[in-house]
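Secondary and tertiary structure notes
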Amino acid sequence: VNTMWLKPAIVILFIAILASLAYSAFFLLLDKGKSDRTRKALGVRITLAILLLACVTYGLWTGDLNLHAPWHQ
């Protein structure tokens, strides 16, 4: 099975989590709690975090990812 998609998917999900965090912080300051955009962004961030954890778990389970640094013996 070709799992060349795993590491780019992890990076993309991490960047999407950071973007969602910035989005929610921006609307938290802009709306001052008068809309639900911050809450929706939190839901998106939680979903992305679950997907990220699922990808990392899958990578560790299949052996495509490991817990050792490449420069450490």
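Residues numbered from 1 in each chain as written. Predicted model: local features only at pLDDT ≥ 70, side-chain atom pairs only at ≥ 80, totals over all residues. Heavy atoms only, no water.

**Here's the deal with the packing of aromatic side chains**
Spelled out, the test is: A pair of aromatic rings is counted whenever rings of Phe, Tyr or Trp (Trp by its six-membered ring) have centres within 6.5 Å, and the orientation is called stacked for planes under 30 degrees apart, edge-to-face for over 60 and tilted otherwise.
Per the stated rule, a full pass over the model turns up three aromatic pairs. With centroids separated by 5.1 Å and ring planes inclined at 75°, the aromatic side chains of Phe26 and Phe27 adopt a geometry described as edge-to-face. Among the aromatic residues, ring-to-ring pairing joins Tyr23, Phe26 and Phe27 into one connected group.

**What to know about the environment of Met4**
Note the following rule: The helix count covers DSSP runs of H or I at least four residues long, the strand count covers runs of E at least two residues long, and both are numbered beginning at the N terminus.
Mapped onto the fold, Met4 is located in the segment before helix 1 (6-31). Along the chain, Met4 and Arg45 lie 41 residues apart, while their C-alpha atoms are 24 Å from each other.

**Digging into the environment of Asp64**
This is how it is decided: Distance and chemistry together define a polar contact, namely a pair of N or O atoms within 3.5 Å, with one atom able to donate a hydrogen and the other to accept it when in protein, and with adjacent residues in sequence counting only for side-chain atoms on both sides.
Mapping Asp64 onto the fold places it in the segment after helix 2 (37-62). Separated by 61 residues in the primary sequence, Asp64 and Thr3 have C-alpha atoms spaced 7.5 Å apart. At 3.2 Å, the side chain of Asp64 and the side chain of Thr62 are in polar contact.

**Focus on the packing of helix 1 against helix 2**
To keep it simple, the criterion reads: An axis is simply a line fitted to the C-alpha atoms; with a helix, the fit covers only the stretch in contact. Between two such axes, the angle follows the N-to-C directions and lies from 0 to 180 degrees. Here the angle decides the label: under 35 degrees means roughly parallel, over 145 means roughly antiparallel, 65 to 115 means roughly perpendicular, and every other value means oblique. Here a crossing is taken to be left-handed if its near helix is turned anticlockwise relative to the far helix by less than a right angle, and right-handed if that turn runs clockwise.
It is the contact of helix 1 with helix 2, at a shortest axis distance of 9 Å, that shows an interaxial angle of 165°. The angle between helix 1 and helix 2 falls in the class roughly antiparallel. Regarding helix 1 and helix 2, the two cross each other, and that crossing is left-handed.

By themselves, these observations are geometric and do not establish any function.
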